[in-house]
Every structure is written in C-alpha cells, then in structure tokens.
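# Understanding the architecture of this molecule
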Amino acid sequence: MLDQSTVSRVEMDWSGPERLTMNMGPQHPSAHGVFRAIVTLEGETVVAVDAVIGYLHRCHEKLSETLTYAQYPSIASKTDYVAAMTSEFAYVLAAEEIGKFEVPKRAQYLRVIVAELQRIASHLLWLGTWCMDMGGALGGGATIFLYCIRERELILDLFEALVGARLLYGFFQVGGTRYDIPDGWAQKCRETIDVIDSRVDEYQRMLEHNAFFLARAKGVGIVSRELAQDVGIAGPLLRGSGINWDLRRNAPYSSYEDFDFRVPVETDGDCYARYRVRMAEFRQAITIVRQALDKLPSGPISSRPALKSVAQIRIPKGEAYARVEGPRGEVGTYMISDGSAKPYRMKWRGASFSNLAILPHIIPGHKVADVVAIMGSVDPVFGEVDR
Amino acid sequence: MMAALPPWLTLLIAPFVVLNVVIGLVTYVTLLERKFAARMQSRIGPYRVGPHGLLQPIADALKLMMKEDVVPTAADRRIYNLAPIVFLIPCMLIFATIPFAPGLGVADVNIGILFFLAVSAMEIVGLFMAGWGSNNKYALLSAMRAVNQIISYDLPFIFSALVPVLLAGSLKMSDIAAAQQGSLLKWFIFYPVIGQLAFIMFVVATLAAENRVPFDILEAESELVAGFRVEYSGMKFALIQLGEYAHMIGSSFLGALLFLGAWSGPGPEYLGPIWFLLKAMFMFLVVTWIRWSFVRIRVDQILALSWKALLPATLGLLISTAIVVVWRTSAGF
C-alpha cells in the first residue's frame, strides 16, 4: 500500500503567495481524447494532479449484454479504437474459452498477424502523438507525426484489403476469423513491413541523436519497479520499468509459442525507457509477422459454420477470463455466459485504464511541459479508459 | 528617386512604403514557411486558393478580418485591447534602421544596431499585456514564461550581434554592410572562427527572441493551448501574428546584414536589395528548418541553456573578438 500523502502532493518549499489550480482538459490539445487533469501549480512546477475520466463513457459493458456473440466483436473494436483488433481478440478468446471451441491453426496465425500489425499501427500513432505533445503541432513534433501517420496508413490499407474497414474491423469471430486473406495480400504485407522496418530505423536516427528530444525524454516521469507493481501498470510501461512480463510469452495464446521473439525490457523507468521498449517492439512485431506469414498453414479459417444469423453462436453456461497482450498492455475480458446467445455479464479490463492510474504518482514534481510528455509516454486511449 | 524629393516628404513616404512592404512580405512569408514545412513533412501544403496556393495568405487575411472579435468577459478590457498594438509597434519599428541598399532606408542613424536591439526587446511589454489582460491561466503562464525567456536571451542576442559591430568598427548599419562589400570572403560569416561561432550563437539567440521552436514555450500549444494569445481572435489575433512574423523577418534582415554581407552580390548595383532580400529569406528558412525538425525544450532547460552556456560563450566571444581586432589594428593588417 502506498502512502497516499506522498502520492497526492509534493512539497516544493514554495514561498509564493498562492498556488494556481489549472484545468488541462477535457478539451485540450494534448488530452489524447477527452481527459481532464486538474493540476495544482507552484510557478511552473506541478505539485498535485487530479485525473478525471469518464467523458467518453459509452456503456460498453452494458452494451455487450444486449448484443450477441456474433455482433459484439465489431463493437468490441470501439473500446480501444487505436488497437481495434486487440479488443476483438480478447472478446472472442473469452467466448471460446467458455465454449471450449477449437480454433484452426490457420485462424490462429491470421489472428497473430493482424494483432501484430495492429501493434505496429498503434505504436506508430503513439510515437507521432507523443512527439507532437513534446514538439508541438507547429514544430518538429508535427514532422514526426506526419511521418508516422504515413506509415500507419500503409497498415490501414492492408486492413482495408483484408476486412474492408480501416479503423474498426470486426475481423474476429468466435471460433476463428471472419475473413481469409485475399490473393496477393501476403506479398503486399511483406513489402509493407519491410518499408516500415526501414522507416523505424529512420525515426530512431532522427530522434536518438536529437539532443532536444533526449533532454525532454530522459529522466522524466520515472516509474520505479516497485511503483509499477503496486499500481498494476502493464505493457510497455511495465517493461520500461524493468519487469520482464509479456503475456505473449508468459501465458501464450493463439500459438504465440510457435514464434521466436524477444521481449524488450529497459530498467530506467523514464519516458526514454518506454520509448526504447516500444521501438524494440516494432522490430519484434515485424519479425513475428514475417514468421507467421512464412509458416501460415492452409486449412479452414473457422471451426464454426459461417455466420448466417446474429443469434447463431450459443455458448454453454460458464465464466472465463481471457487476456491478450495489447499494444498498451494487458487487455482482458471477464465473461459470464448463461447459455443464451448473449453474455450475461461482461467486464473489460482496459490496459489504458490501469496505466493511467500511474499519472498522479509520477507527475507531481515535474514542470507543466513534462505533464504532456509523461501522459504521451503512458499512451492512453480514452475509448479504452472510459469504455 | 528618393534624393530628388524634399527631405520632409521622404520622411513621410519612406516609413509608409517600408511598412507596406513589410506587411506584404509577412503575408507571403507565411506561405513560404507553410510550403517549406510541407516539403519537409512530405505534404503538398496550401494548394487550393489560386495557382499553387498563391492566394492563400490573402484568403487567410480576409478570413481573420471577418472573424468575430471576442473579448472575454473577465478580461481587463483596456489592457486586452491595447496589447496587440503595443506588441506590433516595436516589431514594425525594427525596420526603421535597416538600410535595404546604400542610402535606401528610413533612418540610417549612427546607433542603428543599438536601436534595433533595444526596440526588439520592447515586444515583451505587449506580450505580457496580452497574457495578463486576457485573464486566462494559460495566457498568464505564457506571459510569465515570456518574461523569463526574453530577459534571458536578450543579452546573448546583443552580445552575438555586437561581434560584427566590433569587426566593422561602427554601430551604424550601413557601415557594417559597407565593411562586407567587395568579395565573398569579406562577409563576416567567413571571418575565421569568430564569424562562424558568432553566426551560430546569433541564430540560437534569434530563435529564442522570436519564440520559435525549440524555444516556443510561450505558445506551447500542447501545454498552454496557444499561450498569451489564447483569448484573441479576429483582427487582434492577426495583429499579434503580424507582429511575430515581422519580428522574425526583421531579425532575418539583421542576420543577413550582420553576417551575410547585406546587399553585396554579383550583378549591377540595383540588384542589391534583391540580394539582401534573398539572404534574409535564407536566414528565415534556416529558422524554419530548425523549427520543423526539433521538439520544444522545457522552460528550465531553456533558462539553463541561456545562463549557463550561451551567455558566457557570447561574452567570451565578444571579448576575444575585441582582442583580435585590437591586435590586428596594432599589427597593421
């Protein structure tokens, strides 16, 4: 248990007459959606931050009780709209676990391919927006942002060729995937990831030799190993704080044990460490996609008949928790089935929600400019925080 | 042409001409910057209004004129309304002492460069008024940062601008320019070691004085939304924008005059102003290039950079320049 007094406020030996309370958000250029941080300032230094969420609440858990197992995967993608594939993945895994459905090997590999492509797309957006937080929409940050968006576009094109949609897919289906890859898609995918591989090199050269970038990222927003475990953050944040934990390796699902990849870990715990982890994850995701494309078995893409009606999928009574390693960390669903075509109750475990809880612990003591840098490095998606 | 007119008439016409040229330049320099930034970011940039977006600045200006002028209820109305003008005047006044060609300028006073430096530092008053009068917390923080930053960077700015003054032996702008005529190697940027160092320091100090990335903590739209001008709209916003760009162009002209030989260049003498303009635009593009490739640094880092690195460095350079100049005159070459 953390000492709450140290969390909420740091004493800066302030001799000024009064503190300034300032709202950052919910309408703010760097709010990454709709997030409100009520910061207390002593001059330029933040002494306390109160994170207010809930502006994007859309009753996702209640909604899941009203939609069938065939319908909801397309809606699940709207929880974390930056990594839509991941949320669908968690939903269908839970349903499959209760129903004990087999998933054909080909479908498992296809799921891995889209999940890793989604990770690349999501990290690209993170890199762009984070740099824009630090560098401004009217400065160098915007340059990186536009480069990243250019590459993300390539992946969205791949998804469009696969599913027909560019942002919210509905690719997953209980028992397998809804679509198979079209002709020539595998070749296009290889070319795209080769391009992205070389572009990631370019970004690293551009950023890691940039003194101003290093000055802003290094030593800022340090999350210690203990704090990371106490607060329960996940994903790149956790690995940036020196904890070697990745569900793809520690609790493999969907044939992740077939692939050879490394889990990057950094021990510094600052924004730069999180940046390093994510940059390494780009590479790992690219190698996983390559391996999956090489080994892609032939066969059916679903163990269940093609969808003809919305209430077609029925799952026996039971409950299960399924989790996947999303771009932002552990995304999980806890599902209770009463034997009908809809879940009786479902709970989302959003990675952004848990990661956001770290902010009040690490922001106090930093300057105003660091607030946005730290928030960007946490990479919250407010669709997933509020659900 | 100027010489044929009676002097009192020249005094009235010249500022009018310069002011209008500057305003025209400002509108088109924004287009230049946007096109340049677009190239850097693999975009096209403004393209729809007129051929290659050439009418875009005019459309922007018209749009700003037609926007509703919003005054926040909580604002200190007098200060709020006065601030854009107080900000604009020094930004325009800096053009007064710049000679655009031999004898072609508003006032070529014998302390021209001091006038420039003094007046350009005055813009902080307008900035602070805007930040204070808006009665907005973002604007207030921005105004606070403005005072911090401008005070910290004025000294390095002045010291680095004084190096060419020492080399030319005069505070008069036209004398500094005249000292660099003749050959390319006479430009002060090619003065061995001192010239290049002074130029780099001058560019850094200008960036800070102009509040450009990586020193644009006043505007800092990811933290402070738009800083001191967050509450401004319509023509008042346009005036602030105009002032900012005028200041930037003025500094570019100053840099071109101090280091790049002002109007010296090949071809007949009447091409002088063109060369000067091209060099100033080069200075502007250097600043733009830096702007679109770096991230912003934090307020404490900016102050540390000024007081711990730039100020001692420029001061040291100024002293060593003085020693070199004295040694050269005494040695007779």
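These numbers were taken from a predicted model, which means no experiment stands behind them. (Residues numbered from 1 in each chain as written. Chains lettered and ligands numbered in written order. Predicted model: local features only at pLDDT ≥ 70, side-chain atom pairs only at ≥ 80, totals over all residues.)

Broken down by element type, chain A carries 16 helices and 8 strands. Taking 2.2 N^0.38 as the reference for a compact globule, 387 residues should give roughly 21 Å; the C-alpha atoms of chain A span a radius of gyration of 21 Å, in line with that estimate. In terms of principal-axis extent, the alpha carbons of chain A reach across some 70 × 45 × 35 Å. Taking all 387 residues of chain A together, the buried fraction comes to 52%. (Helix = DSSP H or I, 4+ residues; strand = E, 2+ residues; numbered from the N terminus. Rg over C-alpha atoms; globule rule 2.2 N^0.38 Å. Buried ≥ 20, exposed ≤ 12 C-beta atoms within 10 Å, placed from the backbone.)

The next subject is the interface of chain B and chain A. Of the residues lining the interface, 25 residues belong to chain B; the matching set on chain A comes to 31 residues. Secondary-structure elements contributing two or more residues to the side of chain B that touches chain A are α6 (137-168), α9 (221-224) and α12 (299-331) of chain B. Split by residue class, the side of chain B that touches chain A holds 11 nonpolar, 5 polar and 9 charged. (Contact = placed C-beta atoms within 7 Å. Nonpolar A, V, L, I, M, F, W, Y, C, P; charged D, E, K, R; others polar.)

This next bit is on the pairing of strand β8 (residues 343-349) of chain A. Residue and element names in this part refer to chain A. Bridge analysis of strand β7 (residues 329-337) against β8 gives 6 bridges, and the strand direction is antiparallel. Bridge pairing in β8 places Ile-336 opposite Arg-345. Between β7 and β8, which pair antiparallel in sequence order, lie 5 residues; one of them, Gly-339, sits at a positive phi of approximately 90°. (Pairing = 2+ DSSP bridges.)

The next thing to look at is the domain arrangement of chain B. Taken as a whole, chain B is organised into domain 1 (21-57) and domain 2 (71-331). The C-alpha-based centres of domain 1 of chain B and domain 2 of chain B are spaced at 22 Å. (Domains from an automatic or database assignment.)

What follows covers the sheet that holds β8 of chain A. Residues and elements named next belong to chain A. Strand order in the open sheet made by the 3 strands is β6-β7-β8, with antiparallel pairing throughout. In this open sheet, the two edge strands, each paired with only one partner strand, are β6 (318-326) and β8. Shown here is a sheet whose adjacent strand axes are inclined to one another by a mean of 15°, direction ignored. Contacting β6 and β7, helix α4 (residues 84-99) crosses the sheet at an angle of about 150° to β6. (Axes fitted to C-alpha atoms, helices over the stretch in contact; angles between N-to-C directions.)

Moving on to the sheet that holds strand β1 (residues 20-24) of chain A. All names here are of chain A. Here we have 3 strands laid out as an open sheet, ordered β1-β2-β3, and antiparallel in their pairing. Looking at which strands have only one partner, the edges of the open sheet turn out to be β1 and β3 (45-52). Across the sheet, the mean angle from the axis of one strand to that of its neighbour is 20°, orientation sign disregarded. Two elements, β1 and strand β2 (residues 36-42), share 5 bridges in a ladder whose sense is antiparallel.

Right, let's get into the environment of Leu-162 of chain A. Residue and element names in this part refer to chain A. Structurally, Leu-162 is set in helix α6 (residues 140-163). Separated by 135 residues in sequence, Leu-162 and Gln-27 place their C-alpha atoms 35 Å apart. In this structure, Leu-162 is in contact with Phe-171, Tyr-179, Ile-181 and Trp-185, ignoring residues within four places of it in sequence.

The phi dihedral of Ser-255 of chain A is positive, around 65°, even though this residue is not glycine. Checked against the element boundaries, Ser-255 of chain A lands in the loop between α11 (247-250) and α12 (271-295).

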